[in-house]
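Coordinates in review
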Amino acid sequence: MAERVMVNVPSNQYDAVIIGGGHNGLVAACYLARAGNRVCVLERYTEVGGAAISEEIAGAPGHIASTGSYVLSLAPRKILDELDLWGNGVELIPRNPRSFAPLASGDDGLVFWEDQADLLKELARFSPRDAAAYSDYDALIERACAIMDEFILRNPPSYAEFAAAFNQPGDERIFKYMILGSAADLAEYYFESEIMQAAACALGLIGTFRGPRDAGTGYVKLYHSMGMSTGRRGAWAYVRGAMGSVSQALARVARGLGVEIRTGNEVTQVCVQNGRATGVATRDGEEFHSKIVLSNADPHRTYLKLVDRQHLPGPFINDIEAIQFTSPVMKINLATTELPRYKALAKRGYELGQLGGVHIGPSIDYLQKACDDARRGEPSDWPFFSIHAQSAHDRSLAPAGKQTISIFTQYFPYTLAEGTWDERRDKIARHVIARFAEYAPNIAGAVIEAQVLAPPDIEARFGLTGGHIFQGELVPEQAFDLRPVPGSTSYEGPIRGLYLCGAGAWPGGCVSGAPGHNAAHEAIAKLAAGAYR
């Protein structure tokens, strides 16, 4: 892709300035530049990527981790293809089996094979009824995802518009369980075995401070089920080189389109004149002038920290303050001497728990209790785990004979009932690893180094209010034109020329690029119409 050269343009004068070089900000930059606009991306960190970044674990040379996000599924193929990320460094690593879920006893577990015939045989080991019900369950998920597909790459739909799309026989059941209900409601409707019920809930819990029996988690499950990055519905893949490869590919495309990317530049103010955004100022006092500003920061940070409140209507401020931002997530990245060996797989082959993800949370009651612990301000005694050992596939992520493991775990309150995270972080992390070792005993003596990110650490490291990985809970009352606030039919808020382009806007979080794509296309149309002359 040939580089676009800008000539006779004043320094620090742009058509668009983007706050934050996370993947959504970079997607927006690419599309704006493709439309002929002069674009500058300002990133506070030393590298672009936000939470989609690959970094060496401190104290463990050669151990590369996906510091934040860790697998890819939700990036629409349209974005991957149009921006040619395949030709700029994105290579997906398929996983088979997709995942493994050990029983509470630790002496057996459920293997989720990529091939459905193999999966049905596996389910039948635990319940012939579950195996018989799976095709109907899968068809319901597919129908729900097909409805979601209609709304992802466009401006936020109204709740009524979205609801009206459920217009075929049987759609009422989807709406009941996957929009209004809980992940447990859906799981118990179709399945009888504890392990399959829990496994069916897992995607409804990721990043969400709700338990499987809480309303809204059915929608979280739907959101996490709809990905097509791999070409197969709901499949998650590793990205060779870890998740930073996605961000680096986007940056490569952006620079080729003439985008100026400045790292180490923290925006501290959005400049507003006469109700319109006119640029930004950085911590070092430099000003960047532009026709429009797109913020990849979350809604709270954008409107309540970067904008003077005098420019915002009182009800809008109240709505921003009411967004649910409390995170339950702890991320632990491990450098280890070996891969985990799950005792449940001693007879079947340890590789079945090393090639895909591993979900530890063997029953709905187990998962609900983990959440309830955190609601009391206590770290979960027996946490929910999503564990990924990408180095088993990708040897660029660890030295010879060593491994790098990602642990995404819940539930851990932002504010502890007793003590502070600075006082208790290491002890809590050791407890989490000990619980992991209950299922994979060898891991207890295999840890070389651990990077621990509690909710306040995620907030500080990635600029995510409350440490929330989705820039706000990804539940029905914070979706559609309710995201980020009620009445959000546009990515442009009450200040003209100021757009949200991050996960805090529709459709939401994960590494998808959809908010960046959508905000950019709205802004491109308005720029072309002369809205900001």
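The sections below set out a description of the structure shown in this document. (Residues numbered from 1 in each chain as written. Predicted model: local features only at pLDDT ≥ 70, side-chain atom pairs only at ≥ 80, totals over all residues. Heavy atoms only, no water.)

1. Side note on the overall build of the chain
- Per the secondary structure count, the chain includes 16 helices and 18 strands.
- With the C-alpha coordinates aligned to their principal axes, the bounding extent of the chain is approximately 70 × 55 × 50 Å.
- Across the 533 residues of the chain, 62% fall into the buried class.
- Here the chain has roughly 19,200 Å² of accessible surface; of this, 49% comes from carbon and sulfur atoms.
- Computed over 50 positive and 60 negative side-chain charges, the separation of the two mean positions in the chain equals 2 Å. (Helix = DSSP H or I, 4+ residues; strand = E, 2+ residues; numbered from the N terminus. Buried < 20%, exposed > 50% of the residue type's maximum accessible area, 1.4 Å probe, protein only. Areas by Shrake-Rupley, 256 points an atom, 1.4 Å probe, with all protein chains shown as cover. Lys, Arg positive; Asp, Glu negative; His and termini not counted. Charge placed at Lys NZ, Arg CZ, Asp CG, Glu CD.)

2. Considerations on helix α3 (residues 116-126)
- Where α3 is concerned, the buried positions are L119, E122 and L123. For α3, the buried positions fall inside an angular range of 100° around the axis, keeping them on one side.
- Buried residues along α3 sit against β7 (109-112), α4 (128-152) and α8 (194-201). (Arc of directions from axis to C-beta. Contact = heavy atoms within 4.5 Å.)

3. A short note on the state of the cysteines
- Enumeration according to the criterion identifies zero disulfides in this entry.
- Between C201, a free cysteine, and C371, which holds the nearest cysteine sulfur, the sulfur-to-sulfur gap is 12 Å.
- Taking relative accessible area as the criterion, C201 reaches 0% and is therefore assigned buried.
- Classification of C371 as buried rests on a relative accessible area of 0%. (Disulfide = S-S within 2.5 Å.)

4. What about helix α1 (residues 23-34)?
- With twelve residues, α1 extends 16 Å between its outermost C-alpha atoms, agreeing within 8% with the 16 Å of an ideal straight helix rising 1.5 Å per residue.
- With eleven of its twelve residues buried, α1 lies for the most part within the structure.
- With its phi angle positive at about 95°, G36 sits one or two positions after the end of α1. (Expected span 1.5 Å × (residues − 1).)

5. What about the nonpolar core?
- Among the nonpolar cores identified, the biggest contains 177 residues, and L32 and L294 are the most heavily contacted of them.
- With twelve residues, the single largest contributor to this core is α4.
- Apart from residues no more than four positions distant in its own chain, L32 is found in contact with A16, I18, N37, V39, I292, L294, A520, A523, I524 and L527. (Core = buried A, V, L, I, M, F, W, Y, C linked by side-chain atoms within 4.5 Å.)

6. A few points about the packing of aromatic side chains
- In this structure the tally under the stated criterion is 21 aromatic pairs.
- Aromatic side chains F162 and F166 sit 5.2 Å apart centroid to centroid with 75° between the ring planes, which places their arrangement in the edge-to-face category. F166 shares its class with F162; the two are buried.
- Aromatic pair F385 and F436: ring centres 6.2 Å apart, planes at 40°, arrangement tilted. Pair noted here: F385 is in strand β15 (residues 384-388) and F436 is in helix α14 (residues 421-439), with a separation of 51 residues, a long-range link. As far as the burial class goes, F385 and F436 line up, both buried.
- Each member of the aromatic cluster is reached from another via a ring pair, and the members are F151, Y159, F162, F166, F175, Y219, F480 and W506.
- One cation-aromatic arrangement involves R461 over Y45; the distance from NZ or CZ to the ring centre is 3.7 Å. (Phe/Tyr/Trp six-rings, centres within 6.5 Å; stacked < 30°, edge-to-face > 60°. Lys NZ or Arg CZ within 6 Å of the ring centre and 35° of its normal.)

7. Let's talk about the side chain of Q368
- Locating Q368 in the fold gives a position in helix α13 (residues 364-375).
- Of the residues examined, Q368 reaches a relative accessible area of 11% and is grouped as buried.
- With residues near it in sequence (within four places) discarded, Q368 still touches G211, P212, R213, D214 and R375.

8. Some words on the packing of α3 against α4
- Relative to each other, α3 and α4 sit at 140°, their axes nearing to 7 Å. As the angle between them shows, α3 and α4 are arranged oblique. Residues Q116, L119, L120, L123 and A124 of α3 form the contact with α4, whose participating residues are P128, D130, A131, Y134, S135 and D138. (Axes fitted to C-alpha atoms, helices over the stretch in contact; angles between N-to-C directions. Parallel < 35°, antiparallel > 145°, perpendicular 65-115°, else oblique.)

9. So, the pattern of salt bridges
- Under the criterion given, the structure shown has 33 salt bridges.
- Between E82 and K78 there is a salt bridge, and its shortest N-O distance comes to 3.1 Å. One end of the pair is E82 and the other is K78, both in helix α2 (residues 77-82) and four residues apart, which spans about a single turn.
- Linking R375 and D214 is a salt bridge whose minimum nitrogen-to-oxygen distance equals 2.4 Å. Here R375 is found in helix α13, whereas its partner D214 is found in the loop between α8 and α9 (217-225), with 161 residues between them in sequence.
- A relative accessible area of 18% places D214 in the buried class. (Salt bridge = Lys/Arg side-chain N within 4 Å of Asp/Glu carboxyl O.)

10. Comments concerning the pairing of β15
- Counted residue by residue, β15 has five buried out of five residues, so it is predominantly covered.
- A two-sided burial pattern is seen for β15, the buried positions comprising F384, S386 and H388 on one face and F385 and I387 on the other.
- Bridge count between strand β14 (residues 357-360) and β15: three bridges; the pairing is antiparallel. Paired with H359 across the strands is S386, a residue of β15.
- One ladder, built from five bridges, connects β15 with strand β16 (residues 403-410); its direction is antiparallel. Counterpart to H388 in the pairing with β16 is S406. (Pairing = 2+ DSSP bridges.)

11. Quick word on the environment of G256
- Structurally, G256 is set in helix α10 (residues 244-256).
- Separated by 226 residues in sequence, G256 and C30 have C-alpha atoms that sit 9.1 Å apart.

12. Quick look at the sheet that holds β15
- The seven strands are arranged β7-β6-β14-β15-β16-β13-β17 in an open sheet whose pairing can be described as mixed. The strands lining the two open edges of the sheet, one partner per strand, are β7 and β17 (447-453). Across the sheet, the axes of successive neighbouring strands diverge by a mean angle of 20°, strand direction being ignored.
- Where strand β13 (residues 329-336) and β17 come together, six bridges link them in antiparallel fashion. Considered in β17, the bridge of N333 is made with Q451.
- Strands in contact with α8 are β6 (99-102) and β7; relative to β7, the strand with the most contacts, it is inclined by about 50°.
- Helix-sheet contacts for α14 involve β6, β13, β14, β15, β16 and β17, and the interaxial angle to β13 is about 65°.

By themselves, these are just geometric observations and shouldn't be taken as functional.
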